[in-house]
Amino acid sequence: MRRARPGALPRGTGSRALTSVGAGADFVGAPTDQTLEQEPVVTEEERTPSRLWHITLSVSGGETPLKEVRRGLEQLAHDHPFLLTSRYANDHAEIRYWEEARDLHDAAAVALRLWGEHRSSAKLPPWEIVGLEVIDRETYHLRVAEGYGPPPAAPVGVHPY
């Protein structure tokens, strides 16, 4: 004998059917059939399209063998596939990549968490973030075109300084 709620499907079998439940006599509001036809409420925040932001994250700390730094940055590039390039030495590194976010605040918040969140999984050195630059795509391309911006430091990948 199967013990379950009446009408429930056995576990592991497809999806459950949804049914509607009447609101009751004391409910004050629009009738159910009109409510279903209303358009969903969209806030200004949801209408804001995301944009691309060029991130340059600088980290530094105590000396670490170059092999370990390189291996950690390569693992970070594998875990975070949008990394463009990383440059490193035994006591500092610079990471450049594109981030998609709604605004600069969101892009910066994600960038500031990147090193710490991947520190254990990528076995990164216990360095601290010492610099952060976040610019929008248009500014990045304008800087590069004018010759004073941050063109890729090296070909895509992980490279020593």
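Everything discussed here concerns the structure shown above.
Treat the numbers as computed from the prediction; the structure is a model and nothing was measured.

Undergrad: Any chance you could explain the nonpolar core here in plain terms?
TA: Side chains of nonpolar character tend, in soluble globular proteins, to be buried together. Counting 23 residues, the largest nonpolar core has I55, L73, L76, I95, Y97 and W115 as its most contacted members. Looking at this core, the elements with two or more residues in it are β1 (51-60), α3 (66-79), β2 (83-88), β3 (92-101) and α4 (104-118). By residue number, the principal contributor to this core is α4, which donates 5 residues. Every residue in contact with L76, bar those within four places of it in the chain, is listed here: L83, I95, L114, H118, A122 and L124.

Undergrad: For this particular structure, what's the right way to read the pattern of salt bridges?
TA: Oppositely charged side chains are able to pair whenever their charged atoms sit close together. Taken as a whole, this structure holds 8 salt bridges when the rule is applied. Two residues, D106 and R102, come together in a salt bridge whose shortest N-O distance is 3.2 Å. Exposure remark for D106: the relative accessible area of 29% places this residue in the partly exposed category. Residue classification places R102 among the partly exposed positions, given a relative accessible area of 26%. Between E117 and R113 there is a salt bridge; the shortest N-O distance is 3.2 Å. Remark: R113 and E117 occur in helix α4; sequence separation between them is 4 residues, near one turn of the helix. By relative accessible area, which is 53% here, E117 ends up exposed. The exposure class assigned to R113 is partly exposed, which follows from its relative accessible area of 42%. In this structure, a network of salt bridges that share partners links the residues R87, E94 and R96.

Here is what the cut-offs are and how they apply
- Residues numbered from 1 in each chain as written.
- Predicted model: local features only at pLDDT ≥ 70, side-chain atom pairs only at ≥ 80, totals over all residues.
- Heavy atoms only, no water.
- Core = buried A, V, L, I, M, F, W, Y, C linked by side-chain atoms within 4.5 Å.
- Buried < 20%, exposed > 50% of the residue type's maximum accessible area, 1.4 Å probe, protein only.
- Helix = DSSP H or I, 4+ residues; strand = E, 2+ residues; numbered from the N terminus.
- Contact = heavy atoms within 4.5 Å.
- Salt bridge = Lys/Arg side-chain N within 4 Å of Asp/Glu carboxyl O.

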